[in-house]
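Structural overview
So you can see what is in the structure, the chains are spelled out below.
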Amino acid sequence: MNPSTPQDAPSAVGATLAVPVWDWPVRVVHWAIAVLVVVLVATGLTDMIEWHMRAGQVLLMLVLFRVLWGFFGSRNARFGAFVTGPSRVLRYGRSLFGGKHEVHATHNLAGGWMVVLLLAALATQAVLGLFANDEAGSNGPLERYISDDLSNTLSGWHVKLWWLIVALAVIHVAAVVYHRVRFRDGLTRAMFTGRKDLPAGAADPQHAATPWLRVVVIAAVCFAAMWLVNR
Ligand code: HEM
Ligand code: HEM
């Protein structure tokens, strides 16, 4: 069955099972990104710039990994499993605030777009950082390839865009809390354990199986990209 297909509330269907929905790379990358965003804002604002640039590049590798995993990863991790057209998202939003509960094996229809937005904002911020300078001698590793004027402009965007990331993260966490309070959804637990309580037959456990060889290949691509940036 298509993992983005909504199901009725488990109580309406009967017995639920703890079904594997998230492979381990999705979970490890998620929590690493969450921690790194806090570290990056803290080190950026306290001028711990060398640590900031190291952490920023690790974050960029993780975002790159997640984007590639969204095309080549396990079935549930692919963007095609949870990103849908605007009319379905609007309908979903209306029914959500009307109190109707839909259970999704992967991200819900609004959450899918939030994932795309978060990854796009993080990637943009980290790429801007590669070209940024702090006017005190510390420069991103690609700053040397552009003019001082352009680097100053990109630094100006970099020191503003982090607010958008913080705002998106706050909305993201608020949405998770809303689902917990309103529908008692265990979304956060699923991001740790990989399993969601779903009606029997609602999701195929094989869709969360980790294709190991692809983990290795995609990780190698990410390391190679960072090596090239720092060459
Ligand atoms: C206490 C903090 C956080 C909690 C409890 C949390 C919880 C979650 C949960 C439950 C999901 C899955 C939602 C679903 O089932 O549809 C998720 C997904 C996601 N979260 Fe968070 N999150 C937190 C912080 C953050 C932060 C700070 C960021 C980055 C700014 C972030 C970025 C993401 C992304 C990109 C996804 C998609 C994961 C994927 O598909 O690989 N999260 N989060
Ligand atoms: C999503 C990832 C990132 C976040 C959230 C972030 C956040 C921030 C923040 C909050 C500041 C301080 C802004 C201020 O002083 O008002 C900053 C400054 C800076 N960041 Fe990042 N950063 C990220 C990635 C990177 C990366 C990958 C690099 C380079 C490798 C980098 C290089 C710099 C530099 C050079 C500055 C100083 C800019 C200036 O003072 O004009 N950042 N960043």
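Residues numbered from 1 in each chain as written. Chains lettered and ligands numbered in written order. Predicted model: local features only at pLDDT ≥ 70, side-chain atom pairs only at ≥ 80, totals over all residues.

**Description of unusual backbone geometry**
Negative phi values dominate among residues other than glycine, just as trans dominates among peptide bonds. Cut-off, in case you're wondering: Put simply, DSSP H or I for four residues or longer makes a helix, DSSP E for two residues or longer makes a strand, and each gets a number counted from the N terminus. Here the C-beta atoms are placed from the backbone, and a residue counts as buried if at least 20 other C-beta atoms lie within 10 Å of its own, exposed if 12 or fewer do, and partly exposed otherwise.
Look at D47: it is not a glycine, yet its phi comes out positive at around 60°. Its place among the elements puts D47 in the loop between helix 2 (24-45) and helix 3 (49-72). Note on D47: 11 C-beta atoms within 10 Å, which makes it exposed. One non-glycine residue, R184, lies in positive phi territory at about 60°. On the secondary structure map, R184 appears in the loop between helix 6 (148-183) and helix 7 (187-193). Judged by local crowding, R184 falls into the exposed class, with 10 C-beta atoms found within 10 Å.

**Quick look at the site of ligand 1**
For the record, the criterion: Using a C-beta atom placed from the backbone for every residue, we mark a residue as near a molecule or strand if that atom lies within 6 Å of it. Under the convention adopted here, Pro, Cys and the residues Ala, Val, Leu, Ile, Met, Phe, Trp and Tyr are nonpolar, Asp, Glu, Lys and Arg are charged, and Gly plus all remaining residues are polar.
Close contacts around ligand 1 come from 21 residues, with A34, H107, G111, A169 and L187 the closest. The set of elements that each furnish at least two residues to the shell around ligand 1 consists of helix 2, helix 5 (109-130), helix 6 and helix 7. When grouped by side-chain class, the residues that make up the shell around ligand 1 number 14 nonpolar, six polar and one charged.

**A word on the nonpolar core**
Selection criterion: Note on terminology: a nonpolar core is a set of buried residues of type Ala, Val, Leu, Ile, Met, Phe, Trp, Tyr or Cys, with members joined through C-beta atoms within 7 Å. Our contact criterion uses C-beta atoms placed from the backbone: two residues qualify when those atoms are within 7 Å.
In terms of nonpolar packing, the biggest core is built from 26 residues, with V21, L59, V63, F65, L198 and A203 touching the most fellow members. When contributions to this core are tallied by element, the ones reaching two or more residues are helix 2, helix 3, helix 5 and helix 8 (212-230). With eight residues, helix 3 is the single largest residue contributor to this core. Not counting the four nearest positions on each side in its chain, V63 is found in contact with L119, L122, A123 and A126. In terms of nonpolar packing, the next biggest core, distinct from the first, is built from five residues, L130, F131, A132 and L154 among them.

**Concerning helix 2**
The condition that has to hold: Each helix should span, by expectation, one fewer than its residue count multiplied by 1.5 Å. Directions from the helix axis toward the C-beta atoms define the arc.
Helix length check: helix 2, at 22 residues, gives a terminal C-alpha distance of 32 Å against a target of 32 Å (1.5 Å per residue), a fit within 8%. Those residues of helix 2 lying buried are P25, V26, V37, L40 and G44. Along the axis of helix 2, the buried residues cluster in a sector spanning 105°; they form a single face. Looking at helix 2, the residues exposed on the side facing more than 90 degrees away from the buried face are W24, V28, W31, V35 and V38. Contacts from the buried residues of helix 2 go to helix 3, helix 6 and helix 8.

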